[in-house]
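Descriptive structure summary
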Amino acid sequence: NNDKYTPWKLCDIPRIDVDILLNELDSILPYSQETLNLSVKQLKNKTSDLPFVELKDISSRVVRDFVESAGYRRIIDISVQKLEPGAYVPIHRDDHYQRHAYPYMKGCTKLYWACSNPEGVHFKLGRSGILPIEKPLLVNTIEHPHSLVHEGTDVRTSILVYGERC
């Protein structure tokens, strides 16, 4: 079960060719922005909110299968984020309380997968400490302050998904 305050849990997804998935995501994510030391490519323009994107409306079978296997029935947003070596994201909480999608975003509902996870990248989530980001996680970044620090030498790439979970 998911409650509003659980900080994180593992998300079991089947093995997938990460390069193929990233190429497919690159082809279907139309919006790009540079923000908070991150390069972001995403499905929605800047703000992750309703309306939902139905799985049948995602043009890539690879991406559809991926988000469905991660437990989503409808999507609010998908993004691919790249954090350069030496960069960081300062401590913050994701402030989504006023969004129409908040009921679907609260709790451990956000998929966070550092699919290319070089050494020296640390994701700290509230009192949970440093998370095991080498595995796909469901994280609660609304109720728990978090930050990222990249002390390594290679770009860290992560996939983030918000949506209605099955």
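I will try to describe carefully the structure that is included in this document. (Residues numbered from 1 in each chain as written. Predicted model: local features only at pLDDT ≥ 70, side-chain atom pairs only at ≥ 80, totals over all residues. Heavy atoms only, no water.)

**Some words on unusual backbone geometry**
Using the following cut-off: Each helix is a run of H or I in the DSSP string that is no shorter than four residues. Each strand is a run of E no shorter than two, and both are numbered from the N terminus.
Across the junction of Leu50 and Pro51, the peptide omega takes the value 15°, indicating a cis bond. Phi is positive for Lys46, close to 75°, though the residue is something other than glycine. Relative to the assigned elements, Lys46 resides in the loop between strand E3 (38-42) and strand E4 (53-54).

**Quick notes on the state of the cysteines**
Quick reminder of the rule: Two cysteine sulfur atoms make up a disulfide if the distance between them is within 2.5 Å. Buried, partly exposed and exposed residues are distinguished by accessible area as a fraction of the type maximum, computed with a 1.4 Å probe on protein chains only: under 20%, between the cut-offs, and over 50%, respectively.
Under the definition given, this model contains 0 disulfides. Residue Cys115 stays outside any disulfide, its sulfur separated by 13 Å from that of Cys11, the closest cysteine. For Cys115, a relative accessible area of 15% puts it in the buried group. Looking at the unpaired Cys166, the closest cysteine sulfur is the one in Cys11, lying at 11 Å. Look at Cys166 and you get exposed, because its relative accessible area is 65%.

**Examining helix H1 (residues 18-28)**
Stated precisely, the cut-off is as follows: Think of it as the arc spanned by the lines of direction from the helix axis to the C-beta atoms. We call two residues in contact whenever any of their non-hydrogen atoms come within 4.5 Å of each other. Under this definition, polar contacts are N or O atom pairs within 3.5 Å; protein pairs additionally need one hydrogen-donor-capable and one acceptor-capable atom, and for neighbouring residues in sequence, both atoms have to be side-chain atoms.
Buried residues of H1: Leu21, Leu25 and Ile28, and no others. Angular distribution of buried residues about the axis of H1 spans 70°; they occupy a single face of the element. Turned more than 90 degrees off the buried face of H1, the exposed positions are Asp19, Asn23 and Ser27. In the core, the buried residues of H1 are packed alongside helix H2 (61-69), strand E5 (72-83), strand E7 (110-116) and strand E12 (156-165). Taking the backbone nitrogen of Asp19 as reference, a side-chain oxygen 3.0 Å away marks Asp17 as the first, capping residue of H1.

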